[in-house]
Amino acid sequence: MTFLDGSDLLAAVPVAPGGQADLSLDRAFPSSQTCSACGHRDGPKPLDVRAWTCPNRDTRNDRDWNAGRNILYEGRRTLAA
Ligand SMILES: [Zn+2]
């Protein structure tokens with residue numbers, strides 16, 4: 001499994017050379033309860049649940065890593081719109 005840190009996520013957001021991405025996501029965006037592999041929404045989880053397994057694809061999601069991927073994807077989607 002590969003882990004991304006914040007700089008990896010920012011570097012992966014498509015921005016024109018010399019440009020900046022200015023975007024914000026809705027606070028209700030379910031970044032930690034959506035499987036970043038298949039999009040399955042698994043529902044809210046207490047903060048002490050640090051990892052969960054997606055029932056659809058049997059993917060083990062680290063809470064923060066999964067949320068980071070979902071935020072990246074949503075950022076890309078927002079910028080492409
Ligand atoms: Zn899944």
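The rules behind the values
- Residues numbered from 1 in each chain as written.
- Predicted model: local features only at pLDDT ≥ 70, side-chain atom pairs only at ≥ 80, totals over all residues.
- Heavy atoms only, no water.
- Helix = DSSP H or I, 4+ residues; strand = E, 2+ residues; numbered from the N terminus.
- Donors = N, O, S within 2.8 Å, 3.2 Å for Na, K, Ca; no water.
- Buried < 20%, exposed > 50% of the residue type's maximum accessible area, 1.4 Å probe, protein only.
- Phe/Tyr/Trp six-rings, centres within 6.5 Å; stacked < 30°, edge-to-face > 60°.
- Lys NZ or Arg CZ within 6 Å of the ring centre and 35° of its normal.

A. Inspection of the environment of G68 at higher detail. Structurally, G68 can be placed in helix α2 (residues 63–80). With 32 residues separating them in the primary sequence, G68 and S36 have C-alpha atoms 8.9 Å apart.

B. Just the coordination of the zinc ion, in detail. At this site the zinc ion is bound by C35 (SG), C38 (SG) and C54 (SG), with donor distances of 2.2 to 2.3 Å. Donor residues binding the zinc ion come from one chain and are separated in sequence as C-x2-C-x15-C. Highlighted residues: C35 in the loop between α1 (6–12) and β1 (51–53) and C54 in the loop between β1 and β2 (60–62), separated in sequence by 19 residues. C54 sits in the buried class, given a relative accessible area of 1%.

C. Examining the packing of aromatic side chains more closely. Following the criterion strictly, the structure yields 0 aromatic pairs and no others. Of note, K45 hangs over the ring of W52, and the distance from its end group to the ring centre comes to 4.4 Å.

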